Amino acid sequence: GGFFVAAGAAVAMRAAYQAIHIRPEFVYRAALAMVQRSGLVTQKLGGSVQPTKAGGGLRCYNLDGGNFFPGGALGVEWKPPRVVMLFAVEGAKYDGIVLLECLKGLNGALTFTFLGVDVCNTAEDRLIVHGSDERMTEKADQLRSLIDFKKDHTHD
């Protein structure tokens, strides 16, 4: 009797943990595959798009959500687990910076709110792979302000 109750509780705890945590490596793999399948990206960057090897390959992310916050009709509101990520890719002609936001639903499904590539060319082209340009611009500006803050407050 007690063993089955404990085993059932352990299974329930693991399922709850998986529902409220987002694994950045899974998001990275899914995003990279979307970028590599995009005809627009492969045409602009040139040929086969791969993660950048130089410098170990830039990849950074911020995780948040996965808990309740004050607000909503009931006084508390669920914020799904979320990752905002950027990573570098390269093609035969140009390099690019991939920027994305991804949410994880309670069912475990990953939902990209946006996924885009900033091309490292003189025109600084922005390619939208999924989602809206407005959402991507908003997040890109937030990330740039964080990078500028760090640069302004880092001294040798």
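Notes on the structure in this doc start here. Quick caveat: nothing in here was measured; it's all calculated off a predicted structure.

Section: the environment of L40
So, point 1. Within the fold, L40 resides in helix α3 (residues 39-45).
So, point 2. Separated by 88 residues in sequence, L40 and I128 have C-alpha atoms that sit 8.8 Å apart.

As for the pairing of strand β6 (residues 95-104)
So, point 1. Along β6, seven of the 10 residues are buried, which leaves the element largely enclosed by surrounding structure.
So, point 2. Here strand β5 (residues 82-90) runs beside β6; their pairing, made up of nine bridges, is antiparallel. Considered in β6, the bridge of M85 is made with L100.
So, point 3. Connecting β5 to the antiparallel partner β6 that follows it, the hairpin turn spans four residues.
So, point 4. Sheet topology note: the β6/strand β7 (residues 110-119) ladder contains nine bridges and is antiparallel. In the sheet register, E101 faces β7, and the bridge partner there is F114.
So, point 5. Counted along the chain from β6 to the antiparallel partner β7, the turn is five residues long, and its residue G108 has a positive phi close to 90°.

Remarks on unusual backbone geometry
Peptide bonds are mostly trans, and most non-glycine residues show a negative phi.
So, point 1. For E124, which is not glycine, the phi dihedral falls at a positive 50°.
So, point 2. According to the relative accessible area criterion, E124 is exposed, its value standing at 64%.

What counts, and where the lines are drawn
Residues numbered from 1 in each chain as written. Predicted model: local features only at pLDDT ≥ 70, side-chain atom pairs only at ≥ 80, totals over all residues. Heavy atoms only, no water. Helix = DSSP H or I, 4+ residues; strand = E, 2+ residues; numbered from the N terminus. Buried < 20%, exposed > 50% of the residue type's maximum accessible area, 1.4 Å probe, protein only. Pairing = 2+ DSSP bridges.

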